[in-house]
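Residue-level listing of the chains:
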Amino acid sequence: MASSSSSPRIKFPHVKRYKLFIFWSAIILAFTVFFDTNIMAQSSFKQYLRSLRWTPLPVGVGLALIAFQQYRHTRKREAARLGQVDPCDCLADEWEVEAYKLLPLRQFSKAWGWVNALELPEWSRKSVLGLYVRTFGCNMAEAEVEDLNKYRCLSELFRRSLKEGVRPVDPTAAVVSPADGRILSFGTVNCGTMDQVKGVSYSLRKFLGPNCWSEGGPMVVAKRDDDDCFHRTCLSDEENNALYQCVVYLAPGDYHRFHSCADWKVSFRRHFPGELLSVNPSIAAWIRDLFVLNERVSYVGKWKHGFFSMTAVGATNVGSVQVYFDKDLKTNDTIRSKNVFHDQHFDDRLVELTRGGAFGEFNLGSTIVIVFEAPKDIVPCVEVGQKVRMGQALFRLPHSYVGMAMNENQHRGPQR
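Given the structure is predicted, the values throughout are model-derived calculations rather than measurements.

Details of the overall build of the protein
Okay, so step 1: The secondary structure content of the protein amounts to eleven helices and 17 strands.
Okay, so step 2: Considering only contacts within the protein whose residues lie at least 6 apart along the sequence, 75% involve residues at least 24 apart.
Okay, so step 3: Accessible surface computed for the protein: about 23200 Å², of which carbon and sulfur atoms make up 56%.

Comments concerning the side chain of E361
Okay, so step 1: Its place among the elements puts E361 in strand 13 (residues 358–362).
Okay, so step 2: Among the polar contacts made by the side chain of E361, one reaches the side chain of R159 at a distance of 3.3 Å.
Okay, so step 3: Each residue touching E361, except ones within four places of it in the same chain, is listed here: R159, H256, R257, F258, S320, V321, Q322 and Y324.

Some points on helix 4 (residues 94–101)
Okay, so step 1: Residues of helix 4 that are buried: E96, V97, A99 and Y100. Taken down its axis, helix 4 places every buried residue within 160° of arc, on the same side.

Remarks on the pairing of strand 3 (residues 193–197)
Okay, so step 1: The pairing of strand 3 with strand 4 (residues 200–203) spans four bridges and is classified as antiparallel. Among the inter-strand pairings, V197 is bridged to a residue of strand 4, identified as V200.
Okay, so step 2: Linking strand 3 back to strand 4 in an antiparallel pair, the connection comprises two residues, with G199 at a positive phi of about 90°.

Looking at the sheet that holds strand 10 (residues 321–323)
Okay, so step 1: Taken in spatial order, the three strands make up an open sheet running 6-13-10, and their pairing is antiparallel. The open sheet has two edge strands, strand 6 (257–259) and strand 10, and neither has a second partner. Each adjacent strand pair in this sheet contributes to an overall mean axis angle of 20°, direction not counted.
Okay, so step 2: Relative to strand 13, strand 6 is paired through three bridges, and the arrangement is antiparallel. Bridging across to strand 13, F258 finds its partner in G360.

As for the packing of aromatic side chains
The description of an aromatic ring pair rests on the distance of the ring centres and on the angle between the ring planes.
Okay, so step 1: Scanning the entire structure with this criterion turns up 20 aromatic pairs.
Okay, so step 2: Consider the rings of F186 and F395, whose centres lie 6.4 Å apart with planes at 75°: the pair is edge-to-face. On the criterion of sequence distance, the pair formed by F186 in strand 2 (residues 181–188) and F395 in strand 17 (residues 393–396) is long-range, its members being 209 residues apart.
Okay, so step 3: With centroids separated by 6.5 Å and ring planes inclined at 15°, the aromatic side chains of Y299 and F346 adopt a geometry described as stacked. One end of the pair, Y299, is in strand 8 (residues 296–303); the other, F346, is in the loop between strand 11 (342–345) and strand 12 (351–353), and 47 residues separate them in sequence.
Okay, so step 4: Aromatic ring contacts, followed pair by pair, group F186, Y244, W264, W303, F308, F372 and F395 into a single cluster.
Okay, so step 5: It is R270 that lies over the ring of F341; its NZ or CZ is 4.2 Å from the centre.
Okay, so step 6: Over the ring of F272 we find R296; its NZ or CZ atom is 3.8 Å from the centre of that ring.

Here we look at the sheet that holds strand 15 (residues 379–380)
Okay, so step 1: The strand order across the open sheet built from three strands is 1-17-15, with neighbouring strands paired in antiparallel fashion. Single-partner strands in this sheet number two, and they are strand 1 (175–176) and strand 15.
Okay, so step 2: As judged from the two bridges shared by strand 1 and strand 17, these two strands associate in the antiparallel manner. Residue pairing in the sheet places V175 in a bridge with F395 of strand 17.

Describing the environment of G391
Okay, so step 1: Turning to its location among the elements, G391 is positioned in the loop between strand 16 (387–388) and strand 17.
Okay, so step 2: Its relative accessible area of 1% is what places G391 among the buried residues.
Okay, so step 3: Spatially, the C-alpha atom of G391 lies 8.3 Å from that of H259, the residues being 132 residues apart in sequence.
Okay, so step 4: Leaving out residues up to four positions away in the same chain, G391 has contacts with P168, V169, D170, V176 and S177.

A word on the confidence of the model for the protein
Okay, so step 1: Per-residue pLDDT for the protein averages 77, and the proportion of residues at 70 or more is 69%.
Okay, so step 2: Between the elements of the protein, mean pLDDT differs from a low of 47, seen in helix 1 (residues 17–35), to a high of 96, seen in strand 1.
Okay, so step 3: Within the model, pLDDT remains below 50 along residues 30–42, and this stretch shows three contacts once partners closer than five positions in the same chain are excluded.
Okay, so step 4: Contacts of residues 410–416 to residues separated by more than four positions or lying in other chains number one contact, the stretch itself having pLDDT below 50.

Describing the nonpolar core
Okay, so step 1: Formed by 41 residues in total, the largest nonpolar core has its most connected members in F207, W213, I287, F291 and V369.
Okay, so step 2: W264, V321, L394 and F395 belong to the second-largest nonpolar core, a separate cluster that totals 39 residues.

Focus: the environment of K265
Okay, so step 1: As for its placement among the helices and strands, K265 is situated in strand 7 (residues 264–272).
Okay, so step 2: Taking C-alpha positions, K265 is 10.0 Å from F307, a pair spaced 42 residues apart along the chain.
Okay, so step 3: What K265 contacts, discounting residues up to four positions off in sequence, is V300, G301, K302, L350, V351 and E352.

Calculation criteria
- Residues numbered from 1 in each chain as written.
- Predicted model: local features only at pLDDT ≥ 70, side-chain atom pairs only at ≥ 80, totals over all residues.
- Heavy atoms only, no water.
- Helix = DSSP H or I, 4+ residues; strand = E, 2+ residues; numbered from the N terminus.
- Contact = heavy atoms within 4.5 Å.
- Areas by Shrake-Rupley, 256 points an atom, 1.4 Å probe, with all protein chains shown as cover.
- Polar contact = N/O pair within 3.5 Å; in protein donor to acceptor, adjacent residues only side chain to side chain.
- Buried < 20%, exposed > 50% of the residue type's maximum accessible area, 1.4 Å probe, protein only.
- Arc of directions from axis to C-beta.
- Pairing = 2+ DSSP bridges.
- Axes fitted to C-alpha atoms, helices over the stretch in contact; angles between N-to-C directions.
- Phe/Tyr/Trp six-rings, centres within 6.5 Å; stacked < 30°, edge-to-face > 60°.
- Lys NZ or Arg CZ within 6 Å of the ring centre and 35° of its normal.
- pLDDT = per-residue confidence, 0-100.
- Core = buried A, V, L, I, M, F, W, Y, C linked by side-chain atoms within 4.5 Å.

Rendered as C-alpha coordinates:
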(Lines give C-alpha, C1' and ligand atoms only; values in the text may rest on other atoms or scores of the structure.)
Protein backbone atom coordinates (compact mmCIF):
# COMPACT_ATOMS: atom_id res chain seq x y z
CA MET A 1 0.00 0.00 0.00
CA ALA A 2 1.11 3.54 -0.61
CA SER A 3 2.26 5.51 2.40
CA SER A 4 -0.25 7.92 3.93
CA SER A 5 2.38 10.23 5.38
CA SER A 6 2.19 12.66 2.47
CA SER A 7 0.37 15.96 2.96
CA PRO A 8 -3.43 15.77 2.64
CA ARG A 9 -4.92 16.72 -0.73
CA ILE A 10 -7.76 19.20 -1.06
CA LYS A 11 -10.88 17.46 -2.45
CA PHE A 12 -13.77 18.93 -4.36
CA PRO A 13 -16.54 16.35 -3.90
CA HIS A 14 -19.20 18.21 -5.90
CA VAL A 15 -17.05 19.67 -8.69
CA LYS A 16 -16.02 17.69 -11.74
CA ARG A 17 -12.43 17.95 -12.93
CA TYR A 18 -13.39 19.01 -16.43
CA LYS A 19 -15.44 21.89 -15.00
CA LEU A 20 -12.41 23.02 -12.98
CA PHE A 21 -10.32 22.87 -16.14
CA ILE A 22 -12.83 25.02 -18.05
CA PHE A 23 -13.10 27.45 -15.13
CA TRP A 24 -9.34 28.02 -14.76
CA SER A 25 -8.87 28.20 -18.52
CA ALA A 26 -11.47 30.96 -18.66
CA ILE A 27 -9.79 32.83 -15.77
CA ILE A 28 -6.35 32.67 -17.43
CA LEU A 29 -7.78 33.83 -20.74
CA ALA A 30 -9.60 36.73 -19.07
CA PHE A 31 -6.48 37.93 -17.25
CA THR A 32 -4.37 37.58 -20.39
CA VAL A 33 -6.77 39.76 -22.37
CA PHE A 34 -7.22 42.24 -19.51
CA PHE A 35 -3.52 42.94 -18.92
CA ASP A 36 -2.40 42.87 -22.52
CA THR A 37 -3.44 46.47 -23.15
CA ASN A 38 -0.95 46.90 -25.99
CA ILE A 39 -2.88 44.42 -28.11
CA MET A 40 -6.46 45.33 -27.35
CA ALA A 41 -7.96 48.25 -25.49
CA GLN A 42 -10.93 47.71 -23.21
CA SER A 43 -13.41 49.23 -25.68
CA SER A 44 -12.05 47.09 -28.48
CA PHE A 45 -12.40 44.03 -26.26
CA LYS A 46 -16.10 44.80 -25.73
CA GLN A 47 -16.58 45.15 -29.47
CA TYR A 48 -14.82 41.85 -29.93
CA LEU A 49 -17.15 40.11 -27.48
CA ARG A 50 -20.20 41.57 -29.24
CA SER A 51 -18.92 40.33 -32.59
CA LEU A 52 -18.71 36.70 -31.43
CA ARG A 53 -21.25 34.44 -33.12
CA TRP A 54 -22.20 30.82 -32.61
CA THR A 55 -20.95 28.82 -35.58
CA PRO A 56 -21.46 25.13 -36.38
CA LEU A 57 -18.76 22.77 -35.17
CA PRO A 58 -16.91 20.62 -37.72
CA VAL A 59 -18.65 17.28 -38.00
CA GLY A 60 -15.59 15.32 -36.86
CA VAL A 61 -15.10 17.45 -33.75
CA GLY A 62 -18.78 17.28 -32.90
CA LEU A 63 -19.00 13.52 -33.33
CA ALA A 64 -15.91 13.06 -31.16
CA LEU A 65 -17.51 15.26 -28.48
CA ILE A 66 -20.74 13.24 -28.63
CA ALA A 67 -18.81 9.96 -28.37
CA PHE A 68 -16.88 11.21 -25.34
CA GLN A 69 -20.01 12.50 -23.61
CA GLN A 70 -21.89 9.28 -24.35
CA TYR A 71 -19.03 7.30 -22.79
CA ARG A 72 -19.27 9.44 -19.66
CA HIS A 73 -23.05 9.14 -19.70
CA THR A 74 -22.91 5.34 -19.95
CA ARG A 75 -20.61 5.15 -16.95
CA LYS A 76 -22.87 7.50 -14.99
CA ARG A 77 -25.96 5.44 -15.81
CA GLU A 78 -24.26 2.30 -14.62
CA ALA A 79 -23.19 4.04 -11.41
CA ALA A 80 -26.76 5.29 -10.91
CA ARG A 81 -28.10 1.76 -11.42
CA LEU A 82 -25.76 0.55 -8.68
CA GLY A 83 -26.87 3.42 -6.41
CA GLN A 84 -23.48 5.12 -6.39
CA VAL A 85 -24.69 8.47 -7.79
CA ASP A 86 -27.94 10.41 -8.06
CA PRO A 87 -29.84 9.47 -11.30
CA CYS A 88 -30.24 13.21 -12.04
CA ASP A 89 -26.47 13.45 -12.43
CA CYS A 90 -26.76 11.25 -15.53
CA LEU A 91 -28.60 13.93 -17.50
CA ALA A 92 -26.72 16.22 -19.88
CA ASP A 93 -25.80 19.69 -18.68
CA GLU A 94 -27.17 22.68 -20.58
CA TRP A 95 -23.81 23.45 -22.17
CA GLU A 96 -23.53 19.86 -23.42
CA VAL A 97 -26.93 20.11 -25.11
CA GLU A 98 -26.02 23.45 -26.66
CA ALA A 99 -22.75 22.01 -27.97
CA TYR A 100 -24.68 19.09 -29.48
CA LYS A 101 -27.11 21.50 -31.16
CA LEU A 102 -24.18 23.33 -32.79
CA LEU A 103 -23.58 20.35 -35.07
CA PRO A 104 -24.90 20.96 -38.61
CA LEU A 105 -27.38 18.10 -38.24
CA ARG A 106 -30.02 19.62 -40.51
CA GLN A 107 -27.53 20.04 -43.35
CA PHE A 108 -26.19 16.56 -42.67
CA SER A 109 -29.75 15.16 -42.82
CA LYS A 110 -30.37 16.93 -46.13
CA ALA A 111 -27.13 15.49 -47.52
CA TRP A 112 -28.11 12.05 -46.26
CA GLY A 113 -31.49 12.37 -47.98
CA TRP A 114 -29.75 13.31 -51.23
CA VAL A 115 -27.47 10.25 -50.96
CA ASN A 116 -30.46 7.99 -50.22
CA ALA A 117 -32.23 9.20 -53.37
CA LEU A 118 -29.26 8.48 -55.66
CA GLU A 119 -30.12 5.75 -58.11
CA LEU A 120 -27.76 2.81 -57.73
CA PRO A 121 -26.42 0.90 -60.76
CA GLU A 122 -28.31 -2.37 -61.00
CA TRP A 123 -25.12 -4.42 -60.64
CA SER A 124 -24.37 -2.81 -57.23
CA ARG A 125 -27.82 -2.92 -55.67
CA LYS A 126 -27.65 -6.39 -54.20
CA SER A 127 -24.30 -5.78 -52.48
CA VAL A 128 -25.01 -2.21 -51.27
CA LEU A 129 -28.58 -2.77 -50.16
CA GLY A 130 -27.72 -6.23 -48.87
CA LEU A 131 -25.13 -4.70 -46.56
CA TYR A 132 -27.81 -2.45 -45.05
CA VAL A 133 -30.24 -5.37 -44.71
CA ARG A 134 -27.67 -7.52 -42.91
CA THR A 135 -26.40 -4.69 -40.71
CA PHE A 136 -29.83 -3.70 -39.37
CA GLY A 137 -31.56 -7.07 -39.58
CA CYS A 138 -34.31 -6.17 -42.07
CA ASN A 139 -36.75 -9.01 -42.74
CA MET A 140 -37.09 -8.90 -46.52
CA ALA A 141 -39.31 -11.99 -46.49
CA GLU A 142 -42.11 -9.69 -45.27
CA ALA A 143 -41.52 -7.07 -47.95
CA GLU A 144 -43.94 -6.84 -50.85
CA VAL A 145 -40.88 -6.81 -53.12
CA GLU A 146 -38.18 -9.18 -51.84
CA ASP A 147 -35.72 -8.78 -54.74
CA LEU A 148 -33.16 -6.11 -53.79
CA ASN A 149 -32.43 -5.46 -57.46
CA LYS A 150 -35.92 -3.96 -57.78
CA TYR A 151 -35.07 -1.10 -55.36
CA ARG A 152 -33.43 1.72 -57.27
CA CYS A 153 -32.05 3.51 -54.18
CA LEU A 154 -31.72 3.27 -50.42
CA SER A 155 -34.75 5.50 -49.92
CA GLU A 156 -37.03 3.01 -51.67
CA LEU A 157 -35.72 0.25 -49.42
CA PHE A 158 -36.36 2.34 -46.29
CA ARG A 159 -39.94 3.05 -47.35
CA ARG A 160 -40.71 -0.45 -48.58
CA SER A 161 -44.25 -1.75 -48.31
CA LEU A 162 -45.14 -5.10 -46.72
CA LYS A 163 -47.06 -8.08 -48.00
CA GLU A 164 -50.75 -8.08 -47.30
CA GLY A 165 -51.60 -9.88 -44.07
CA VAL A 166 -48.16 -9.83 -42.41
CA ARG A 167 -49.31 -7.08 -40.02
CA PRO A 168 -52.84 -8.03 -38.92
CA VAL A 169 -54.64 -5.39 -36.85
CA ASP A 170 -55.89 -6.69 -33.49
CA PRO A 171 -59.70 -6.40 -33.63
CA THR A 172 -60.05 -6.48 -29.83
CA ALA A 173 -57.74 -3.51 -29.18
CA ALA A 174 -58.88 0.06 -28.57
CA VAL A 175 -55.45 1.42 -29.53
CA VAL A 176 -52.91 -0.47 -31.65
CA SER A 177 -49.24 0.16 -32.33
CA PRO A 178 -48.75 2.66 -35.18
CA ALA A 179 -45.50 1.07 -36.31
CA ASP A 180 -42.89 -1.62 -35.78
CA GLY A 181 -40.62 -0.55 -32.95
CA ARG A 182 -39.86 -0.64 -29.25
CA ILE A 183 -41.91 0.82 -26.39
CA LEU A 184 -39.88 3.54 -24.64
CA SER A 185 -42.63 4.57 -22.23
CA PHE A 186 -46.38 4.41 -21.66
CA GLY A 187 -48.92 5.23 -18.97
CA THR A 188 -51.05 8.10 -17.69
CA VAL A 189 -50.13 11.77 -18.03
CA ASN A 190 -49.82 13.20 -14.51
CA CYS A 191 -49.15 16.81 -13.53
CA GLY A 192 -48.75 17.73 -17.19
CA THR A 193 -45.60 15.66 -17.75
CA MET A 194 -44.79 12.57 -19.81
CA ASP A 195 -41.84 10.17 -19.81
CA GLN A 196 -39.31 9.99 -22.64
CA VAL A 197 -37.81 6.98 -20.93
CA LYS A 198 -38.01 5.88 -17.31
CA GLY A 199 -36.82 8.71 -15.07
CA VAL A 200 -36.63 11.39 -17.80
CA SER A 201 -39.78 13.46 -18.33
CA TYR A 202 -40.89 16.41 -20.48
CA SER A 203 -43.75 18.89 -20.50
CA LEU A 204 -46.96 18.04 -22.39
CA ARG A 205 -47.71 21.76 -22.85
CA LYS A 206 -44.32 22.40 -24.44
CA PHE A 207 -44.65 19.26 -26.56
CA LEU A 208 -48.11 20.01 -28.02
CA GLY A 209 -48.06 23.80 -27.70
CA PRO A 210 -50.98 26.04 -26.66
CA ASN A 211 -54.39 24.38 -26.64
CA CYS A 212 -56.39 25.69 -29.59
CA TRP A 213 -58.45 22.55 -30.21
CA SER A 214 -60.70 22.72 -27.12
CA GLU A 215 -63.78 24.91 -26.78
CA GLY A 216 -63.13 28.50 -25.80
CA GLY A 217 -61.59 30.15 -28.82
CA PRO A 218 -58.64 29.81 -31.15
CA MET A 219 -56.08 29.81 -28.34
CA VAL A 220 -57.10 28.63 -24.86
CA VAL A 221 -54.90 30.34 -22.27
CA ALA A 222 -55.95 30.19 -18.64
CA LYS A 223 -54.53 29.66 -15.16
CA ARG A 224 -54.99 25.93 -15.59
CA ASP A 225 -53.02 26.09 -18.85
CA ASP A 226 -49.69 25.80 -17.01
CA ASP A 227 -47.51 22.70 -17.03
CA ASP A 228 -49.10 21.07 -13.99
CA CYS A 229 -52.70 21.30 -15.21
CA PHE A 230 -52.37 21.50 -18.97
CA HIS A 231 -53.40 17.87 -19.48
CA ARG A 232 -56.82 18.67 -17.99
CA THR A 233 -57.55 21.09 -20.84
CA CYS A 234 -57.37 18.11 -23.20
CA LEU A 235 -59.98 16.08 -21.32
CA SER A 236 -63.65 16.18 -22.25
CA ASP A 237 -64.70 14.08 -19.23
CA GLU A 238 -62.38 14.61 -16.25
CA GLU A 239 -64.49 12.50 -13.92
CA ASN A 240 -64.42 9.25 -15.91
CA ASN A 241 -61.46 9.62 -18.25
CA ALA A 242 -57.71 10.13 -18.01
CA LEU A 243 -55.00 11.14 -20.47
CA TYR A 244 -52.64 8.39 -21.62
CA GLN A 245 -49.41 8.40 -23.60
CA CYS A 246 -47.22 5.89 -25.40
CA VAL A 247 -43.85 6.33 -27.12
CA VAL A 248 -42.80 3.94 -29.91
CA TYR A 249 -39.20 4.10 -31.16
CA LEU A 250 -38.48 2.95 -34.73
CA ALA A 251 -34.97 1.60 -35.25
CA PRO A 252 -33.22 1.90 -38.66
CA GLY A 253 -34.00 -1.73 -39.50
CA ASP A 254 -37.72 -1.50 -38.72
CA TYR A 255 -40.58 -1.08 -41.16
CA HIS A 256 -40.54 2.70 -41.75
CA ARG A 257 -44.18 3.41 -42.50
CA PHE A 258 -46.59 4.31 -39.71
CA HIS A 259 -50.33 3.82 -39.46
CA SER A 260 -53.34 5.10 -37.55
CA CYS A 261 -53.64 3.75 -34.00
CA ALA A 262 -57.44 3.94 -33.81
CA ASP A 263 -60.60 5.06 -35.57
CA TRP A 264 -60.50 8.85 -35.20
CA LYS A 265 -60.93 12.18 -36.98
CA VAL A 266 -58.04 14.61 -37.51
CA SER A 267 -59.01 18.28 -37.36
CA PHE A 268 -55.71 20.03 -36.75
CA ARG A 269 -51.99 19.85 -37.48
CA ARG A 270 -49.15 21.68 -35.73
CA HIS A 271 -45.60 21.67 -37.11
CA PHE A 272 -42.65 22.55 -34.86
CA PRO A 273 -39.45 23.22 -36.89
CA GLY A 274 -36.92 22.26 -34.22
CA GLU A 275 -33.63 20.43 -33.94
CA LEU A 276 -32.77 17.07 -35.50
CA LEU A 277 -31.04 15.43 -32.54
CA SER A 278 -30.83 11.66 -32.36
CA VAL A 279 -33.79 9.96 -30.64
CA ASN A 280 -31.89 6.77 -29.90
CA PRO A 281 -32.97 5.48 -26.44
CA SER A 282 -29.51 6.20 -25.01
CA ILE A 283 -29.79 9.85 -26.12
CA ALA A 284 -33.38 10.03 -24.82
CA ALA A 285 -32.06 8.94 -21.43
CA TRP A 286 -29.34 11.61 -21.55
CA ILE A 287 -31.10 14.77 -22.80
CA ARG A 288 -34.20 15.99 -21.00
CA ASP A 289 -36.93 17.56 -23.17
CA LEU A 290 -35.47 15.83 -26.24
CA PHE A 291 -38.88 15.48 -27.92
CA VAL A 292 -39.60 19.14 -27.18
CA LEU A 293 -36.33 20.25 -28.79
CA ASN A 294 -36.70 18.18 -31.96
CA GLU A 295 -38.69 18.94 -35.07
CA ARG A 296 -42.09 17.25 -34.90
CA VAL A 297 -45.52 17.20 -36.49
CA SER A 298 -48.56 16.78 -34.23
CA TYR A 299 -51.97 15.73 -35.55
CA VAL A 300 -54.86 16.38 -33.17
CA GLY A 301 -58.47 15.28 -33.30
CA LYS A 302 -61.09 13.20 -31.53
CA TRP A 303 -62.14 9.59 -31.18
CA LYS A 304 -65.09 8.02 -29.42
CA HIS A 305 -63.63 8.75 -25.96
CA GLY A 306 -62.47 12.34 -26.60
CA PHE A 307 -59.04 13.83 -27.31
CA PHE A 308 -56.61 11.94 -29.57
CA SER A 309 -53.24 12.91 -31.06
CA MET A 310 -50.36 11.34 -32.94
CA THR A 311 -46.98 13.07 -33.23
CA ALA A 312 -44.16 12.11 -35.59
CA VAL A 313 -40.82 13.23 -34.13
CA GLY A 314 -37.93 13.95 -36.49
CA ALA A 315 -34.34 12.92 -35.79
CA THR A 316 -30.85 12.96 -37.28
CA ASN A 317 -31.11 11.79 -40.90
CA VAL A 318 -34.91 11.71 -40.51
CA GLY A 319 -35.75 15.34 -41.20
CA SER A 320 -38.18 14.29 -43.91
CA VAL A 321 -41.58 13.17 -42.58
CA GLN A 322 -44.26 12.44 -45.18
CA VAL A 323 -47.96 12.26 -44.27
CA TYR A 324 -50.15 10.88 -47.02
CA PHE A 325 -53.23 13.05 -46.46
CA ASP A 326 -51.29 16.28 -45.78
CA LYS A 327 -49.64 17.33 -49.04
CA ASP A 328 -48.87 20.84 -47.71
CA LEU A 329 -46.55 19.56 -45.00
CA LYS A 330 -42.90 20.40 -45.58
CA THR A 331 -40.34 19.31 -42.99
CA ASN A 332 -36.58 19.86 -42.66
CA ASP A 333 -36.95 23.37 -44.08
CA THR A 334 -33.96 25.57 -43.21
CA ILE A 335 -35.93 28.76 -43.97
CA ARG A 336 -38.42 28.35 -41.12
CA SER A 337 -37.55 29.56 -37.64
CA LYS A 338 -37.07 26.96 -34.92
CA ASN A 339 -38.75 29.15 -32.29
CA VAL A 340 -42.26 29.18 -33.77
CA PHE A 341 -44.86 26.62 -34.79
CA HIS A 342 -47.17 26.48 -37.79
CA ASP A 343 -50.83 25.44 -37.58
CA GLN A 344 -53.07 23.93 -40.23
CA HIS A 345 -56.81 23.31 -39.65
CA PHE A 346 -58.69 20.63 -41.55
CA ASP A 347 -62.18 21.95 -40.75
CA ASP A 348 -63.12 22.15 -44.43
CA ARG A 349 -61.95 18.59 -45.09
CA LEU A 350 -62.07 16.62 -41.85
CA VAL A 351 -59.73 13.64 -42.17
CA GLU A 352 -61.21 10.33 -41.03
CA LEU A 353 -58.72 7.57 -40.24
CA THR A 354 -59.38 3.91 -39.54
CA ARG A 355 -57.43 1.71 -37.16
CA GLY A 356 -54.40 0.36 -39.04
CA GLY A 357 -54.93 2.69 -42.00
CA ALA A 358 -51.89 4.17 -43.76
CA PHE A 359 -50.76 7.47 -42.17
CA GLY A 360 -47.23 8.36 -43.32
CA GLU A 361 -43.57 7.38 -43.45
CA PHE A 362 -40.12 8.26 -42.15
CA ASN A 363 -36.99 8.27 -44.28
CA LEU A 364 -34.90 6.19 -41.85
CA GLY A 365 -36.36 5.65 -38.35
CA SER A 366 -37.62 7.83 -35.55
CA THR A 367 -40.34 8.07 -32.90
CA ILE A 368 -44.14 8.20 -32.70
CA VAL A 369 -45.77 9.71 -29.59
CA ILE A 370 -49.47 8.97 -28.95
CA VAL A 371 -51.47 11.05 -26.45
CA PHE A 372 -55.15 10.22 -26.02
CA GLU A 373 -58.13 10.40 -23.70
CA ALA A 374 -59.66 7.12 -22.55
CA PRO A 375 -61.65 5.63 -19.63
CA LYS A 376 -59.69 5.31 -16.40
CA ASP A 377 -60.05 1.52 -16.42
CA ILE A 378 -58.44 0.96 -19.81
CA VAL A 379 -56.02 -1.99 -19.80
CA PRO A 380 -52.41 -1.62 -21.10
CA CYS A 381 -51.13 -4.59 -23.12
CA VAL A 382 -47.41 -3.79 -23.37
CA GLU A 383 -44.35 -3.25 -21.19
CA VAL A 384 -41.51 -0.74 -21.39
CA GLY A 385 -38.76 -2.11 -23.63
CA GLN A 386 -41.08 -4.53 -25.40
CA LYS A 387 -40.72 -5.00 -29.16
CA VAL A 388 -44.03 -4.40 -30.95
CA ARG A 389 -45.37 -4.67 -34.48
CA MET A 390 -47.77 -2.43 -36.32
CA GLY A 391 -51.35 -3.45 -35.48
CA GLN A 392 -50.43 -5.08 -32.16
CA ALA A 393 -52.63 -4.14 -29.19
CA LEU A 394 -51.32 -1.34 -26.97
CA PHE A 395 -54.47 -0.72 -24.88
CA ARG A 396 -57.76 -2.60 -24.51
CA LEU A 397 -61.02 -1.56 -22.97
CA PRO A 398 -62.05 -3.72 -19.99
CA HIS A 399 -65.44 -4.63 -21.47
CA SER A 400 -63.82 -6.31 -24.48
CA TYR A 401 -63.62 -10.11 -24.22
CA VAL A 402 -59.82 -10.20 -24.06
CA GLY A 403 -59.73 -7.22 -21.69
CA MET A 404 -62.12 -8.97 -19.29
CA ALA A 405 -59.96 -12.09 -19.38
CA MET A 406 -56.83 -10.02 -18.60
CA ASN A 407 -58.56 -8.35 -15.64
CA GLU A 408 -59.67 -11.72 -14.27
CA ASN A 409 -56.14 -13.08 -14.50
CA GLN A 410 -54.73 -10.00 -12.74
CA HIS A 411 -57.23 -10.29 -9.86
CA ARG A 412 -56.85 -14.07 -9.64
CA GLY A 413 -53.08 -13.91 -9.46
CA PRO A 414 -50.65 -16.69 -10.40
CA GLN A 415 -52.05 -20.21 -10.16
CA ARG A 416 -50.16 -22.90 -8.35
